[in-house]
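Now for the letters of each chain:
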Amino acid sequence: DPTTMATPTGTSDPTDPCDPDSSGGNCDPDHDGLPNSEEIALGTDPNNADTDGDGLTDGEEVNNVDDPTTMATPTGTSDPTDPCDPDSSGGNCDPDHDGLPNSEEI
């Protein structure tokens, strides 16, 4: 298409927002239910489905919708960048702020 600045490099799937560019705003490369544009606005990692490592995907925490591929089940919305929210007993949480997460103290 001569009206675009992009140069084709092969074939791509016009129905896939990640093809050919996985950094596009509508793409969800980590498959957590949040597109890149929303991950950037929230401060989460678009390439890590569980930014804070608490066992819930970022999408589960923001949308309160269970992802059956994870063991954890959301009980409401929570902060996807805070490993202590919603569970302060989680391994990556440091509730006493001493620099050691629960997984290193237990």
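Scroll up to find the structure.
All of these numbers come straight from a predicted model, not from anything done at the bench.

Here is what the cut-offs are and how they apply
- Residues numbered from 1 in each chain as written.
- Predicted model: local features only at pLDDT ≥ 70, side-chain atom pairs only at ≥ 80, totals over all residues.
- Heavy atoms only, no water.
- Helix = DSSP H or I, 4+ residues; strand = E, 2+ residues; numbered from the N terminus.
- Rg over C-alpha atoms; globule rule 2.2 N^0.38 Å.
- Buried < 20%, exposed > 50% of the residue type's maximum accessible area, 1.4 Å probe, protein only.
- Contact = heavy atoms within 4.5 Å.
- Areas by Shrake-Rupley, 256 points an atom, 1.4 Å probe, with all protein chains shown as cover.
- Disulfide = S-S within 2.5 Å.

**Q** Explain the overall build of the protein chain here, please?
**A** When helices and strands are tallied, the protein chain shows three helices and zero strands. Across the protein chain, helices and strands are ordered from the amino to the carboxyl terminus as α-α-α. In summary, the protein chain has a C-alpha radius of gyration of 17 Å against a globular reference of 13 Å for 106 residues, an excess of more than 25%. By its C-alpha atoms, the protein chain is 60 × 25 × 20 Å across when sized along the principal axes. Considering the protein chain as a whole, with its 106 residues, one finds that 25% of them fall into the buried category. Across the protein chain, contacts joining residues at least 24 apart in sequence account for 22% of those joining residues at least 6 apart. Entry remark: accessible area of the protein chain is about 6,800 Å², with carbon and sulfur atoms responsible for 52%.

**Q** So what exactly am I meant to see when it comes to the state of the cysteines here?
**A** Linking two cysteines covalently through their sulfur atoms gives a disulfide. Within the structure shown, the criterion is met by two disulfides. The side chain of Cys84 participates in a disulfide bridge whose partner is Cys93; the two sulfur atoms lie 1.9 Å from each other. Handedness of the Cys84-Cys93 disulfide follows from its S-S torsion of about 100 degrees: it is right-handed. For Cys84, a relative accessible area of 22% translates into the label partly exposed. Overall, the relative accessible area of 0% leaves Cys93 in the buried class.

Worth remembering: the numbers are spatial, not functional.
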